[in-house]
Protein chains: 2
Amino acid sequence: MPEEFLNLVHLDEAVRLLLEGLPEGGVATEEVEVSSALGRVIAGDIIAPEDVPGFDRSGMDGFAVRASDTFAASEGLPVYLERTGEVPMGRATAIEVAQEQAVRISTGGVMPEGSDAVVMVENTEVSRETVEVVKGVAPGENVIRKDEDIARGALLFSRGRVLGPAQAGALVALGITKVSVYRLPVVGIISTGNELVPPSETPGPGQVRDVNSTALAASVVRAGCLARPYGIVADEFGLLLEASRRALAECDALVISGGSSMGVRDLTVDILDQLGPPGTLAHGIYLKPGKPTLIAVCDGKPALGLPGNPASALTVFGEVMVPVLAALRGENKRGGPRTVQAVLDRSVASATGRLELVPVSLGLEGELLKATPIPGKTNLIGTLARADGNVRIPEGREGIERGERVTVELHDPFTTGRGERAQ
Amino acid sequence: MPEEFLNLVHLDEAVRLLLEGLPEGGVATEEVEVSSALGRVIAGDIIAPEDVPGFDRSGMDGFAVRASDTFAASEGLPVYLERTGEVPMGRATAIEVAQEQAVRISTGGVMPEGSDAVVMVENTEVSRETVEVVKGVAPGENVIRKDEDIARGALLFSRGRVLGPAQAGALVALGITKVSVYRLPVVGIISTGNELVPPSETPGPGQVRDVNSTALAASVVRAGCLARPYGIVADEFGLLLEASRRALAECDALVISGGSSMGVRDLTVDILDQLGPPGTLAHGIYLKPGKPTLIAVCDGKPALGLPGNPASALTVFGEVMVPVLAALRGENKRGGPRTVQAVLDRSVASATGRLELVPVSLGLEGELLKATPIPGKTNLIGTLARADGNVRIPEGREGIERGERVTVELHDPFTTGRGERAQ
């Protein structure tokens, strides 16, 4: 048995070898518009420069009141308040709410001076001069405090967070329209094999079309990186070394596919060893398909020798290279499935009688994945932007107990990158 | 209680109302390069125009032989064959394999005339003139038949398939470099609310920044569609109607966000009713967050009145609009989580001792989701391109029995679209 087949590693070891070979801390950054930064990775911690919403707002349509005036209210014994005007939308108001007064307010309106709660319109009967309140409110009820969504000085995101729609929304809410993100890694793609012809050509006897340049480029884009295909290079040491050197110099990572036959594998090992230290680290993976994969790091850049077989090449790329590219992209989370099983670490109640989506953050506690409901109102952009996913409380359930196993539906940033084909 | 709150629907009903309102069959198509069609939806059935690989190929490095010559071979009693030359890569070969002969062949080489199997190099001892075979092969063993990956005339994909890396690879393998796909749907986005200012402005008293134009545009892109934001429109019937009319005319779907307060909700209902029949179909959803959502179809186009609250708007968009956009994109599968639980409907063995990824297709049988291992070798691009996902057989397991519950890791086309911001 040829020697190189003796140095096989397990899948997680293959990924670890590549990750350990990356240089410390060194991904370049650039400034981009938030509106075109979807899928990009935030390069610095974001500290909120101001409060959101910035003023105490009504969370409901109803009447701004002094809560203490309504404590006694019930269906049988309503409280009657004096109706005095209406808060305009989008403007400050000079209206004040005195004792036993109620001021009409819409969702999002500024809480008028003197008021501390909003009675929902559903819990009132309104005449021209009087508001009949049939259910009391507590101080703060149906009010969104001026710093309740995002508080000035709070850490909104740590660097490494992937920018999804909710994160973009939270930045924009703060007036942050440009953001520093990590540069997109460029992945060089070389197809080697004397039997390969470009896709547009008709293969002669014994020839096949080069599938990997197209399919791997698509995989690179799907992983949120830039693909730079270098075309088909013949199985000839000098030519392949020259193309690989150029690709490694111009790119952040390199995949050479085609070396499944032993001659080409040996050639590829030699080339990976010449590209820069430490060179080839493993000569295969305990994985089907994908065993004949070469794992290398050359001058701090990950390089793979993939099987020529496209199905094997794509599978290994997804299993081995995608997590490494996530790290090169600067992500602090490494992808994974779109739903995960976790244990809820705080009970949540649902009294709405509706299907309820509860935003949660995820964290490992030893081996246990814990889902923590985000504190605060669930309908705030700051809450959504901090969440890793949702837990679903079906209609008719009154909540989920601490300690129950839940399925977390992960938000997009875990799963989707966005890249392009480099020029 | 205002009348519109009485007409609430469940989440699945909201989606169904919108889907039923779409016109029959009518998404336009366009021709695009396969290399830039990632995430696009294939608009016609793809029938393979030729065989892949197109010739009988070796699947291993080894020796092309007549299988019958090796039947008796074992470690204790090897068979000795005459060594006669080597098959070149990427060319036809005139070499023939006569009885008791063996010809050196690399993975991917053309099977020479007369041979019907390949003995892996690991199962041979080779001298200059003789090949000692220590393990027999069956006819066809380690050979990929000329139509084994994709057979000419076979249905490769049905229309509605999302083009991922494996699908792009399969097309290119067939020499198909351009493909007909559905046009990307354009989603118009209007933010309404007199309290809104653009993200770049500093809000005055009672004002907040328009978050939804940015966040919903990102959601549209993530759903694989084109976003066309129309900016902030004041809560004024004439202005909002004019902007909505224009947006609906220019786009395939419309979302108006901002109408959470009753006045604006009523205004939005009136506008959705004026845009085209049937207009507003439901005035709310049994969902938290997101109850005050308006569901409408106007002249065959879906239109939503979303809550102004960004967290609610994003959540409802994801739950209600994304499945509808998948349909507008022409997808024949409707997204969903990235892993699903299914029942395996054919046993698979794994004798490799390695972690094994088995490509499966998914199908509903009544209420039961079944995972069917794709027949044929797992390392073929045609196999991978037909699969919906993988089942993992861990190292040390000898297979999975028919009827076992399995977790299927879905391939990307289920989860990821790719879009852009429209001009």
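Source: prediction; values computed, not measured.

Asks: Looking at this structure, I do not really get the overall build of chain A. What am I missing?
Replies: Helix and strand content of chain A: eight helices and 30 strands. Its C-alpha radius of gyration of 29 Å places chain A more than 25% over the 22 Å reference for a compact globule of 423 residues. Overall size of chain A, expressed as C-alpha extent along the three principal axes, is 90 × 40 × 40 Å. Out of the 423 residues in chain A, the part that is buried amounts to 55%. Within chain A, contacts between residues separated by at least 24 positions form 72% of all contacts whose residues are at least 6 apart in sequence.

Asks: Looking at this model, I keep getting lost on the relation of the copies chain B and chain A. Mind explaining?
Replies: The operation relating the pair of chain copies consists of a rotation about an axis and a translation along that axis. Superposition record for chain B on chain A: RMSD 0.0 Å, screw rotation 180 degrees, translation along axis 0.0 Å. What we have between these two chains is a two-fold relation. In this assembly the copies share their binding face: 100% of the residues contributing to the interface of chain B also contribute to that of chain A.

Asks: Whenever I open this one, the environment of A:Ile47 confuses me. Can you help?
Replies: Residue and element names in this part refer to chain A. For Ile47, the position within the fold is in strand β3 (residues 46-47). Looking at Ile47, the number of C-beta atoms within 10 Å reads 12, which means it is exposed. Residues within four places of Ile47 in sequence aside, it is in contact with Gly153, Leu155 and Leu156.

Asks: What's the story with the pairing of strand β23 (residues 301-306) of chain A in this structure? I'm lost.
Replies: Along a regular strand, successive side chains alternate from one face of the sheet to the other. All names here are of chain A. Counting buried residues in β23 gives six out of six residues, a clear majority hidden from the surface. The side-chain alternation of β23 yields two buried faces, one formed by Lys301, Ala303 and Gly305 and the other by Pro302, Leu304 and Leu306. Of the strand pairs in this sheet, strand β18 (residues 253-257) and β23 are connected by four bridges, and their pairing is parallel. The residue of β23 that forms the bridge with Ile256 is Gly305. The turn linking strand β22 (residues 294-298) back onto β23 is made up of two residues, and Asp299 within it adopts a positive phi angle of 50 degrees.

Asks: I keep staring at the packing of helix α5 (residues 237-250) of chain B against helix α6 (residues 262-275) of chain B and nothing clicks. Help me out?
Replies: A pair of packed helices is characterised by two quantities: the angle between their axes and the separation of those axes. Residue and element names in this part refer to chain B. Two numbers describe how α5 lies on α6: the axes approach to 10 Å, and their chain directions differ by 45 degrees. Comparing their axes, α6 and α5 come out oblique. Our pair here, α5 against α6, has a crossing hand that is right-handed. Residue-level inspection shows Phe237, Leu240, Leu241, Ser244, Arg245 and Leu248 of α5 in contact with α6, the latter providing Leu267, Asp270, Ile271, Gln274 and Leu275. Counted by class, the contact of α5 with α6 contains seven nonpolar, two polar and two charged residues.

Asks: Explain helix α7 (residues 310-328) of chain B to me, please; I cannot follow it from the model alone.
Replies: Since the α-helix packs 3.6 residues into each turn, any two residues three or four apart lie on the same face. Residue and element names in this part refer to chain B. Along its length, α7 reaches its greatest deviation from straightness, about 40 degrees, at Met321, and the proline Pro323 lies no more than four positions downstream. Within α7, 17 of the 19 residues are buried, leaving the element largely enclosed by the surrounding structure. In the segment just after α7, Gly330 is the residue with positive phi, at about 90 degrees.

Asks: What is the right way to read the interface of chain B and chain A from this model?
Replies: Think of interface size as the accessible area that goes away when the parts come together; that is how it is often given. If you look at the interface, chain B gives 83 residues, while chain A gives 83 residues. Contributing elements (two or more residues each) for the side of chain B that touches chain A: α3 (165-173), β16 (208-209), α4 (212-222), α6, β21 (287-288), α7, β26 (355-365) and α8 (381-386) of chain B. Considering every element that reaches the side of chain B that touches chain A, the biggest residue donor is α4(B), with seven residues. Among the residues making up the side of chain B that touches chain A, the classes are represented as 36 nonpolar, 32 polar and 15 charged. As defined by bridge partners, strand β26 (residues 355-365) of chain A adjoins β21(B) across two bridges and the pair is classed as parallel. By the bridge assignment for β21(B), A:Leu355 is matched with B:Leu287.

Asks: Which parts of the structure should I look at to understand the sheet that holds strand β6 (residues 79-86) of chain B?
Replies: Within a sheet, adjacent strands bond to each other through the backbone by hydrogen bonds, running parallel or antiparallel. All names here are of chain B. With respect to topology, six strands assemble into an open sheet ordered β8-β5-β7-β6-β10-β9, the strand pairing being mixed. The open sheet is flanked by β8 (117-120) and β9 (124-126), the only strands paired with a single partner. Along the sheet, successive strands turn relative to each other by an average axial angle of 40 degrees, direction set aside. Note: strand β5 (residues 62-65) against β8, four bridges, orientation antiparallel. If you follow Val65 over to β8, its bridge partner there is Ala117.

Asks: Would you mind going over the environment of B:Arg228 with me for this structure?
Replies: Note on placement: B:Arg228 falls in strand β17 (residues 226-233). Between the C-alpha atoms of B:Arg228 and B:Ile46, which are 182 residues apart in sequence, the distance is 32 Å.

Asks: Looking at this structure, how should I read the confidence of the model for chain A?
Replies: One rule of thumb: low pLDDT means the predicted coordinates there are not for detailed reading. All names here are of chain A. Within chain A, residue pLDDT values average 89, and 93% of them lie at 70 or more. Here residues 413-423 is a poorly scored stretch, pLDDT under 50, and it has 40 contacts once near neighbours within four places are set aside; other chains count. If you check the scores for this complex, the pTM reads 0.89 and the ipTM reads 0.89.

Asks: How should I be thinking about the domain arrangement of chain A in this particular structure?
Replies: Residue and element names in this part refer to chain A. Splitting chain A by domain gives domain 1 (3-28 + 184-328), domain 2 (30-52 + 148-182), domain 3 (57-144) and domain 4 (339-414). With centres defined by C-alpha atoms, the gap from domain 2 to domain 4 works out at 22 Å. With twelve residues of domain 2 at the contact, the number on the domain 4 side is ten residues. Examining the composition of the side of domain 2 that touches domain 4, we find that five residues originate from one element, helix α3 (residues 165-173), more than from any other. A class-by-class count of the residues in the side of domain 2 that touches domain 4 yields seven nonpolar, three polar and two charged.

Analysis parameters
- Residues numbered from 1 in each chain as written.
- Chains lettered and ligands numbered in written order.
- Predicted model: local features only at pLDDT ≥ 70, side-chain atom pairs only at ≥ 80, totals over all residues.
- Helix = DSSP H or I, 4+ residues; strand = E, 2+ residues; numbered from the N terminus.
- Rg over C-alpha atoms; globule rule 2.2 N^0.38 Å.
- Buried ≥ 20, exposed ≤ 12 C-beta atoms within 10 Å, placed from the backbone.
- Contact = placed C-beta atoms within 7 Å.
- Least-squares fit on C-alpha atoms with pLDDT ≥ 70 in both.
- Pairing = 2+ DSSP bridges.
- Axes fitted to C-alpha atoms, helices over the stretch in contact; angles between N-to-C directions.
- Parallel < 35°, antiparallel > 145°, perpendicular 65-115°, else oblique.
- Left-handed = near helix turned anticlockwise from the far one by under 90°.
- Nonpolar A, V, L, I, M, F, W, Y, C, P; charged D, E, K, R; others polar.
- Bend = angle between axes of the 7 residues up to and from the residue.
- pLDDT = per-residue confidence, 0-100.
- Domains from an automatic or database assignment.

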